[in-house]
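A closer look at the structure
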Amino acid sequence: MRAFSAARAEDVAQQGSAGQVTAPSSRATRPPGPHYKWIALSNTTLGVLMATINASILLIALPDIFRGIGVNPLQPGNTSLLLWMIMGYLVVTAVLVVSFGRLGDMFGRVRIYNLGFAVFSVFSVLLAVTWFHGTAAAWWLIVMRVLQGVGGAMLLANSSALLTDAFPINQRGLALGLNQVAGIGGSFIGLILGGLLGPVDWHLVFLVSVPFGVFGTFWAYLKLRELGIRQPARLDWWGNITFGIGLIAVLVGITYGIQPYGGHTMGWTSPFVITAVAGGLAMLAVFCVIETRVEQPMFQLPLFRIRPFTAGNVASLMSGLGRGGLLFVLIIWLQGIYLPRHGYSFSQTPLWAGIFMLPLTAGFLVAGPVSGWLSDRFGARPFATGGMVVAALSFLLLELLPINFDYWAFALILLLNGIGMGLFAAPNRAGIMNSLPPERRGVGAGMSATFQNSAMVLSIGVFFTLIVLGLASSLPAALTHGLVAQGVPHADAARVAALPPVSVLFAALLGYNPVQTLLGPAIAHLPASHAAYLTGRSFFPALISPSFSDGLSIAFDFAIAACLIAALASLLRGKRYIHEEHGQAADPQGAVVALAADTETARVETARVEAAQGETAQGEAARVETAKGETARADTVRAEPTRAQTAAASSGPGRISRSGHS
């Protein structure tokens, strides 16, 4: 009830830059009840969990999906299908969250959020009912994944704002912490879910979201209330267009930069990649100029004047850079080296890689809610900063770990990493949302999600690049020598060694037998014992380990640096800052707005205004009466001589006038 009262009080007190704010509809203004905040938390957590699970569920299920549609993703020309299957969803959510956050501020966060559930559900069904086969089926899945990502962006853009509206100030950290942990935990849950459902039927990987999406759609429609401030405004078309084109170009350039180009191991020298990245950055610069000139911008650049908002987003960006590519690196490490060496067949490694990473999820689930609850009392800075330091320490320990490690040590380090990320994620998100004016929570949450999601895509590109550079320096020579030593003709060995290292990584990532896949028909001409050794569980892990270790060290050094920069940014956010508790705060449009924290404050403020208005009215009436009195007295004064003269004339000389003596 306090959340509802605060929202209504803010609705009374706030004035938007475009004019009077729009009050919620009559349906929304009904008191939502004392347990509404938990309904909002459970519904938004379901939405975020569903969106983030689907961001990673394909990683483990990709082999089953490609087998189901009859496509070999490692064949020349098919690598782009593999990358877009993974990256398309991430790219579209990164691009659209700001726009949908802004639309939520304009037309209602509940409305956009609820539409996100429906869109997500529809395209989850369409993903599972493809009637194509081969390359056409792959492109169908990519397009449907992109459109499914539109629904995911609607959910991600408005969930934090809905929770901030619903929860009182002293419980927001806990609520946003649970929601944020569900989001990050969903990335790891998706790995296991994809590994379990893919072997049964690849269609189930997409269908599993449908019942939850349908339930969430009706539940959100019936139960969620619009407690936030809605500001009707014109849509910033030029801002949306330039931002979308610029960010898409940069992310597409990063995606194709991972792929080989010509005789190069990667595509960073490709004219297309250079043009895409440079052109995208130029378009984003144009976007920034546009946003400073339009009356109602999509991207609220003045919000960066709020130090906790800016510091929190910089920390989130750097944290995402350090964490985003971690999933891929650890999966390849487990699937390509550790699990085969410990008796697991290559076909089993995708599922077991997800299971072996459960300590990471456990760390998130433990630390996230606790740190969110504590940040409500002590602020975000100590926990977010400490969490990034712990995460940097865990990356250092992973770098010191032998390539063929003992699992208990690996599990403890993963647990430590999960705790560090959990300590950071919940307080940082709460600190960002608490710093925002109520009427800017949607666009502010979208901006924050854009930094986080873009960092994920950029991090995948950085981690893959660093690993591939490490492999490219020594893997070809080691591969040629090892294959020739086992009787492979030199021409076939040279052909395999000339393949880009990213093909080797993708083979391990997909759970294929790498040597068997790379050699192809040539394996049939070898002696049975040599063929068995080459395709067994020891040759490929031993071959790739030294080269992979070099790339891994560089990648972990980058992650350590990113986490330490995030810790520094978090440290500079300042003390505990909550927008409603700081009285007069600068509006993004430059206006100064007064915030009422609860119903009593709003009532007192309203009474003060009414009293002032009453005093003004009474004063005006008094001035009118005074003016009338002065006029009457002036008339009396002017009339006095005439009356005196008349009296004197009528009385004669012997009579005494009323004004003097005889």
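Further up the page is the structure itself.
A brief structural summary.

Between helix α18 (residues 441-485) and helix α23 (residues 539-571), whose axes approach to 8 Å, the crossing angle comes to 155 degrees. Here α23 runs roughly antiparallel to α18, going by the angle between their axes. Note that α18 runs across α23; the crossing there is right-handed. Of α23, the residues touching α18 (which contributes V462, F463, L466, I467, G470, L471, S474, L475, A478, L479, G482 and L483) are F539, L543, I544, S547, F548, D550, G551, L552, I554, A555, F558 and A559. Residue composition of the contact of α18 with α23, grouped by class: 18 nonpolar, 5 polar and 1 charged.

Moving on to the packing of aromatic side chains. In this structure the tally under the stated criterion is 27 aromatic pairs. With 6.5 Å between their ring centres and 70 degrees between their planes, F346 and F540 make a pair best called edge-to-face. Highlighted residues: F346 in the loop between α13 (326-341) and α14 (349-356) and F540 in helix α23, separated in sequence by 194 residues. There is no split in this pair, since F346 and F540 are both buried. Judged by centre distance (4.7 Å) and plane angle (55 degrees), the rings of F356 and Y407 are tilted.

A few words on helix α19 (residues 490-498). For α19, every residue scored as buried is listed here: A493, V496 and A497. Seen from one end, α19 has its buried residues packed into an arc of 100 degrees, which puts them on one side. Among the exposed residues of α19, those oriented more than 90 degrees off its buried face are A491 and A498. Check the buried side of α19 and you find it contacts α18 and α21 (514-519).

The rules we used
Residues numbered from 1 in each chain as written. Predicted model: local features only at pLDDT ≥ 70, side-chain atom pairs only at ≥ 80, totals over all residues. Heavy atoms only, no water. Axes fitted to C-alpha atoms, helices over the stretch in contact; angles between N-to-C directions. Helix = DSSP H or I, 4+ residues; strand = E, 2+ residues; numbered from the N terminus. Parallel < 35°, antiparallel > 145°, perpendicular 65-115°, else oblique. Left-handed = near helix turned anticlockwise from the far one by under 90°. Contact = heavy atoms within 4.5 Å. Nonpolar A, V, L, I, M, F, W, Y, C, P; charged D, E, K, R; others polar. Phe/Tyr/Trp six-rings, centres within 6.5 Å; stacked < 30°, edge-to-face > 60°. Buried < 20%, exposed > 50% of the residue type's maximum accessible area, 1.4 Å probe, protein only. Arc of directions from axis to C-beta.

None of this, on its own, says anything about what the molecule does.
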